[in-house]
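Close look at the chain arrangement
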Amino acid sequence: GLRGNAFESFDDGASWSRLDTGGEITLQGGVALAGGGALLVGNEGRMLRRSDAASPLQSQVFETAAGETPALSGALPVEGGFILIGEKGVGVHAF
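Criteria and cut-off values
- Residues numbered from 1 in each chain as written.
- Predicted model: local features only at pLDDT ≥ 70, side-chain atom pairs only at ≥ 80, totals over all residues.
- Heavy atoms only, no water.
- Pairing = 2+ DSSP bridges.
- Helix = DSSP H or I, 4+ residues; strand = E, 2+ residues; numbered from the N terminus.
- Axes fitted to C-alpha atoms, helices over the stretch in contact; angles between N-to-C directions.

This part is about the sheet that holds strand 9 (residues 89-93). Spatial ordering of the open sheet is given by 7-8-9, a layout of three strands whose pairing is antiparallel. Bordering the open sheet on either side are strand 7 (72-78) and strand 9, each of which pairs with just one other strand. Neighbour-to-neighbour, the strand axes of this sheet turn through a mean angle of 20°, independent of strand direction. Direction of pairing for strand 8 (residues 81-86) relative to strand 9: antiparallel, over a ladder of five bridges. Paired with Gly 86 across the two strands is Gly 89, which belongs to strand 9.

Looking now at the sheet that holds strand 3 (residues 27-32). Across the sheet, four strands lie side by side as 3-4-5-6; this open sheet has antiparallel pairing. Because the sheet does not close on itself, it has two edges, and the strands there are strand 3 and strand 6 (58-61). Going across the sheet, the axis of each strand differs from the next one's by a mean of 20°, ignoring polarity. Here strand 5 (residues 46-50) pairs with strand 6 via four bridges, running antiparallel. When the sheet's bridge partners are listed, Arg 49 is paired in strand 6 with Gln 58.

Okay, structure coming up:
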């Protein structure tokens, strides 16, 4: 969300806890992964991933071939990485 805010629930929304995203870059999209994992994407090419519900988020920045760090709005897991959707089109990234 705005300013890096993200929350999660493990009880179908009865209670929520804040995720430590490590910054204030706006997050615009995400995808749930197996085992409680997740990938969140946002401005400046920011990608935050965790492999399971107990792990902290790990940060990486996506860069296009031209060295740009576009705003990302969506992601889909594929074998070996993710398809990323953003203001510069679609790209593939191995996290």
